[in-house]
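Next come the chains, spelled out residue by residue.
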Amino acid sequence: MATFSERHGYKEVRTLIQRESLDDDTRLELWNLLAVLPREFDKFYQDPTEHGILEALWIWYFKKARDEMPYDSMVWKLVKEAILTRDWNEVLDLVEQFMKHWDRLETDRSAKLKKVFLQALNQRFEQELVGYRMIGLEITPVDSTAEADAVSGALSDTDALAGARHALDRAVELLADRATPDYPNSIKESISAVEAVVKKVTGEGTLGKGLTKLEGAGLTIHPALKGAWSQMYGWTSNDDGIRHGGIEAADADQALAKYVLVTCSAFVSYLIEEGRKASLLT
């Protein structure tokens, strides 16, 4: 929401998405969010999560010797300095590593705190117009919270469907790789996630054949929607398509890979919900 100064022209309103930079306000917001954690972790006084996260950062992010690690409070100071001064991509590396180490060391006592923190982190990204969201354990080039929620929801919905979950995880990972993103294979994995759900319902090994057998298996979708997905599958799977390394693969960019990931995620969640209603999925 715009402030009084922004509404009346006394302060410039930010309109550009931050994709290859983080301004000072954003860095301060990120640090202020992290700065709450020591107090929150203290509530779990028998929980080793905080020290484990900081130790992991000390060794693998700051590249320091384990036996030279100072008190936790000193490591937090290094985290603050990094958030406020390092290159934008290194800041995102730090946040991502922090969350991955937290996930690895999570206990029942800290799980709820991590969930709340992740929601707050994505809220900060949205508020500061950062062109990324934390999806799963990857900071991903998605600049809409609605899009991020669609992918996160599909990841949650596919917990019991290993094939679909693996494909979505890989699609996110390949899209989120800031050094060497692989957009064609991200698209392939997104489509494979839909294919895995359809296979679970119909037993068919390919999405093209499976879509035609959904109704016979007890799951009815609108003919236009089924037709759209048949065309989507054809686009990726014909001789010139992305799944065969065709010429269209050269045109796969971040925007296209993101669109396919979000679209496939929404369809995966839809199919799972309808499949559960029809008692075809548990």
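Cut-off values and rules
Residues numbered from 1 in each chain as written. Predicted model: local features only at pLDDT ≥ 70, side-chain atom pairs only at ≥ 80, totals over all residues. Heavy atoms only, no water. Axes fitted to C-alpha atoms, helices over the stretch in contact; angles between N-to-C directions. Helix = DSSP H or I, 4+ residues; strand = E, 2+ residues; numbered from the N terminus. Parallel < 35°, antiparallel > 145°, perpendicular 65-115°, else oblique. Left-handed = near helix turned anticlockwise from the far one by under 90°. Contact = heavy atoms within 4.5 Å. Nonpolar A, V, L, I, M, F, W, Y, C, P; charged D, E, K, R; others polar. Phe/Tyr/Trp six-rings, centres within 6.5 Å; stacked < 30°, edge-to-face > 60°. Buried < 20%, exposed > 50% of the residue type's maximum accessible area, 1.4 Å probe, protein only. Salt bridge = Lys/Arg side-chain N within 4 Å of Asp/Glu carboxyl O. Expected span 1.5 Å × (residues − 1). Polar contact = N/O pair within 3.5 Å; in protein donor to acceptor, adjacent residues only side chain to side chain.

Points about the packing of helix α10 (residues 183-202) against helix α13 (residues 223-237)
Pairs of packed helices are described in terms of their axes, by the angle between the two and the distance that separates them.
Moving on, step 1. Two numbers describe how α10 lies on α13: the axes approach to 11 Å, and their chain directions differ by 140°. Between α10 and α13, the angle falls in the class oblique. For the pair α10 and α13, the crossing hand works out as left-handed. For the pair α10 and α13, contact is made by Ile187, Ile191, Val194 and Glu195 and by Trp229, Met232, Tyr233, Trp235 and Thr236, respectively.
Moving on, step 2. Taken together, the residues that form the contact of α10 with α13 break down as seven nonpolar, one polar and one charged.

Some words on the packing of aromatic side chains
Centre-to-centre distance and the angle between the planes together describe a pair of aromatic rings.
Moving on, step 1. On inspection of all chains with the given rule, the structure shows 10 aromatic pairs.
Moving on, step 2. Seen in terms of ring centroids, Trp229 and Phe267 are 4.3 Å apart; in terms of plane orientation they differ by 5°. Their pairing is stacked. Taken as a pair, Trp229 in helix α13 and Phe267 in helix α14 (residues 254-277) lie far apart in primary sequence, 38 residues in all.
Moving on, step 3. Measuring from centroid to centroid gives 6.1 Å for Phe267 and Tyr270, while their planes differ by 15°, and the two rings are stacked. Of this pair, Phe267 and Tyr270 both sit in helix α14, separated by three residues, roughly a single helical turn.
Moving on, step 4. What makes Phe267 buried here is its relative accessible area of 4%.

Thoughts on the pattern of salt bridges
Moving on, step 1. Overall, the coordinates contain 16 salt bridges when judged by the stated rule.
Moving on, step 2. With its nearest N and O atoms 3.8 Å apart, the salt bridge here joins Asp143 to Lys258. Taken together, the residues span a long stretch of sequence, with Asp143 in the loop between β2 (138-140) and α8 (145-157) and Lys258 in helix α14 at a distance of 115 residues.
Moving on, step 3. Here Arg170 makes a salt bridge to Glu173, at a shortest N to O gap of 3.3 Å. With Arg170 and Glu173 both in helix α9 (residues 162-176), this residue pair falls three residues apart, about one helical turn.
Moving on, step 4. Bridged by salt links that share partners, the residues Arg19, Asp143 and Lys258 form one connected network.

Side note on helix α6 (residues 88-105)
Moving on, step 1. With 18 residues, α6 should cover 26 Å at 1.5 Å per step; its first-to-last C-alpha distance of 26 Å lies within 8% of that length.
Moving on, step 2. Residues of α6 that are buried include every one of Trp88, Val91, Leu92, Leu94, Val95, Glu96, Phe98, Met99, His101 and Trp102, and no others.

Remarks on the side chain of Thr26
Moving on, step 1. The topology assignment puts Thr26 in helix α2 (residues 24-35).
Moving on, step 2. Residue class for Thr26 comes out buried when judged on its relative accessible area of 1%.
Moving on, step 3. There is a polar contact of 2.8 Å between the side chain of Thr26 and the side chain of Gln18.

What to know about unusual backbone geometry
Moving on, step 1. Positive phi, close to 60°, is recorded for Lys63, a residue that is not glycine.
Moving on, step 2. Tracing the sequence through the fold places Lys63 in the loop between α4 (49-61) and α5 (72-85).
Moving on, step 3. Taking relative accessible area as the criterion, Lys63 reaches 64% and is therefore assigned exposed.
Moving on, step 4. Of note in the backbone geometry, Ser279 takes a positive phi value of approximately 60° without being a glycine.
Moving on, step 5. With respect to the element layout, Ser279 can be found in the segment after α14.

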